[in-house]
Amino acid sequence: MTTTIVHPSIENLQQFSDSFDIEKLLQSEGVLPWLLANGWNYDNESCLIANIVDESTSLDEVWESDEFDFKALPDGEIEKLNQIFEHFYL
């Protein structure tokens, strides 16, 4: 199985345009735009994941978080998250 991660863009975030200012979100250095562009819903779970990633200093720290059980996610979502996280920690 191959998973393709898309970069956040106005086109990739258009479905969420009623929820926030896309231009402002795209200026963010955080992971939330990446999650939304790659299929996560704009909800408490995606915001929690984004906060954990944005506050962590390593990939291991993210996966071992006490705040969210990343290992309980479906394999496809874990693979997507791995690819997105690599962008922030490599």
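Residues numbered from 1 in each chain as written. Predicted model: local features only at pLDDT ≥ 70, side-chain atom pairs only at ≥ 80, totals over all residues. Heavy atoms only, no water.

**Q** Can you walk me through the nonpolar core in this structure?
**A** Side chains of nonpolar character tend, in soluble globular proteins, to be buried together. Core analysis: the biggest nonpolar cluster contains 26 residues, and Leu35, Ile49, Phe70, Leu81, Ile84 and Phe85 have the highest contact counts within it. Residue assignment for this core shows that the elements contributing at least two residues are α2 (22-26), α3 (32-37), α4 (44-55), α5 (59-63) and α6 (75-89). Looking at which element gives the most residues to this core, the answer is α3, with five residues. Residues within four places of Phe70 in sequence aside, it is in contact with Ile49, Ile52, Val62, Trp63, Ser65, Ile78, Leu81 and Phe85. (Core = buried A, V, L, I, M, F, W, Y, C linked by side-chain atoms within 4.5 Å. Buried < 20%, exposed > 50% of the residue type's maximum accessible area, 1.4 Å probe, protein only. Helix = DSSP H or I, 4+ residues; strand = E, 2+ residues; numbered from the N terminus. Contact = heavy atoms within 4.5 Å.)

**Q** Any chance you could explain α4 here in plain terms?
**A** Note: α-helices contain 3.6 residues per turn, so residues at a spacing of three or four share the same orientation. Taking 1.5 Å per residue, twelve residues should reach 16 Å; α4 reaches 16 Å between its end C-alpha atoms and fits that length. All buried positions along α4 are accounted for by Ser46, Ile49, Ala50, Ile52 and Val53. All buried residues of α4 lie within an arc of 160° about the axis, which places them on one face of the element. Counted as exposed and oriented over 90 degrees from the buried face of α4: Asn44 and Glu55. (Expected span 1.5 Å × (residues − 1). Arc of directions from axis to C-beta.)

**Q** What am I meant to see in the packing of aromatic side chains here?
**A** Two numbers describe a pair of aromatic rings. These are the distance of the centres and the angle of the planes. Taken as a whole, this structure holds four aromatic pairs when the rule is applied. Taken together, a centroid distance of 5.3 Å and an interplanar angle of 75° make the contact between Trp63 and Phe70 edge-to-face. Like Phe70, Trp63 is buried. Centroid distance Phe68 to Phe70: 4.9 Å. Interplanar angle 70°. Geometry classified as edge-to-face. In this pair, the class of Phe68 matches that of Phe70, namely buried. By the ring-pair criterion, three or more aromatic residues cluster together here, those being Trp63, Phe68, Phe70 and Phe85. (Phe/Tyr/Trp six-rings, centres within 6.5 Å; stacked < 30°, edge-to-face > 60°.)

**Q** Just checking my understanding: could you explain the environment of Glu29 for this structure?
**A** Mapping Glu29 onto the fold places it in the loop between α2 and α3. Judged by its relative accessible area of 74%, Glu29 falls in the exposed class. When the C-alpha positions of Glu29 and Asp54 are compared, they lie 8.7 Å apart, and in sequence the two are 25 residues distant.

**Q** Explain the environment of Leu48 here, please?
**A** By the element assignment, Leu48 lies in helix α4. Taking the C-alpha atoms as reference, Leu48 lies 18 Å from Leu26; in sequence the two are 22 residues apart. Sequence-distant contacts of Leu48, that is, excluding residues within four places in its chain, are made with Glu67 and Phe68.

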